[in-house]
Amino acid sequence: ENTPVPFEAIGEAMLHQLIDLFYSRVAQHPDLAPIFPDDLTETARKQKQFLTQYLGGPPLYTNEHGHPMLRARHLPFEITPKRAAAWLTCMREAMDECGLEGELREYFFHRLALTAQHMINTPDQGK
Ligand code: HEM
């Protein structure tokens, strides 16, 4: 019997719900909203594609946008430790709200925390 990849274990419906809940928090977060577009529709669409492949599902992001080069794509934005923490807080709350629990949540959140850490490109001081 094959172990499902995390994408299949979470399921597309919950993953999409999670990302929509996440961006509704980002839009209201005082440290995050200023660096994001006002309309997050396209941002959420790309994140659904990206996190699908990040969790072992089909390579939807790469098929449309090429190699993710995630750190490079974040360089135009000042990603401070404070903003990385805020990003992860929005994600934790979104996971709470959509009911993602247990080992799958711990695995997913841990990987996101490592990736968020890797995105930091600006020190906190004065920001
Ligand atoms: C795009 C901020 C972490 C995945 C963006 C954008 C911003 C941003 C401002 C541009 C949105 C737009 O113009 O549509 C941040 C901040 C983070 C963070 C403050 C805190 C550490 C992450 C993490 C991931 C991620 C951890 C993935 C696990 C993406 C993707 C895009 C994106 C896939 C779309 C890239 C594209 O334009 O094709 N992020 N991000 N980000 N972010 Fe992040």
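Everything below is about the structure shown above.
Rules and cut-offs
Residues numbered from 1 in each chain as written. Predicted model: local features only at pLDDT ≥ 70, side-chain atom pairs only at ≥ 80, totals over all residues. Heavy atoms only, no water. Donors = N, O, S within 2.8 Å, 3.2 Å for Na, K, Ca; no water. Helix = DSSP H or I, 4+ residues; strand = E, 2+ residues; numbered from the N terminus. Near = heavy atom within 4 Å. Polar contact = N/O pair within 3.5 Å; in protein donor to acceptor, adjacent residues only side chain to side chain. 1 Å grid on protein atoms, 1.4 Å probe; cavity = no way out; pocket = protein on both sides within 12 Å on 5 of 7 lines; lining within 4 Å. Sits in = over half its atoms within 2 Å of the grid points. Nonpolar A, V, L, I, M, F, W, Y, C, P; charged D, E, K, R; others polar.

Participant: Help me understand the coordination of the iron atom of the ligand, please; the structure alone is not making it clear to me.
Facilitator: By definition of the ideal shapes, four donors in a tetrahedron about a metal sit 109.5 degrees apart, and six donors in an octahedron sit 90 or 180 degrees apart. Protein coordination of the iron atom of the ligand is limited to a single donor, His-74 (NE2), positioned at 2.0 Å. Relative to the assigned elements, His-74 resides in helix H5 (residues 70-74).

Participant: Just checking my understanding: could you explain the site of the ligand for this structure?
Facilitator: Within the structure, the ligand sits among 20 residues, and Thr-43, Lys-46, Tyr-61, His-74 and Trp-87 are positioned closest to it. Between the ligand and the protein, one listed contact pairs an oxygen atom with a side-chain N or O atom of Tyr-61 at 2.5 Å. Between the ligand and His-74 there is a distance of 2.9 Å, counted from a nitrogen atom to a side-chain nitrogen or oxygen. Taking a 2 Å distance to the grid points as the criterion, the majority of the atoms of the ligand fall inside the largest pocket. Taken together, the elements giving at least two residues each to the shell around the ligand come down to helix H3 (41-54), H5, helix H6 (81-98) and helix H7 (102-119). Here the residues of the shell around the ligand sort into 14 nonpolar, 4 polar and 2 charged.

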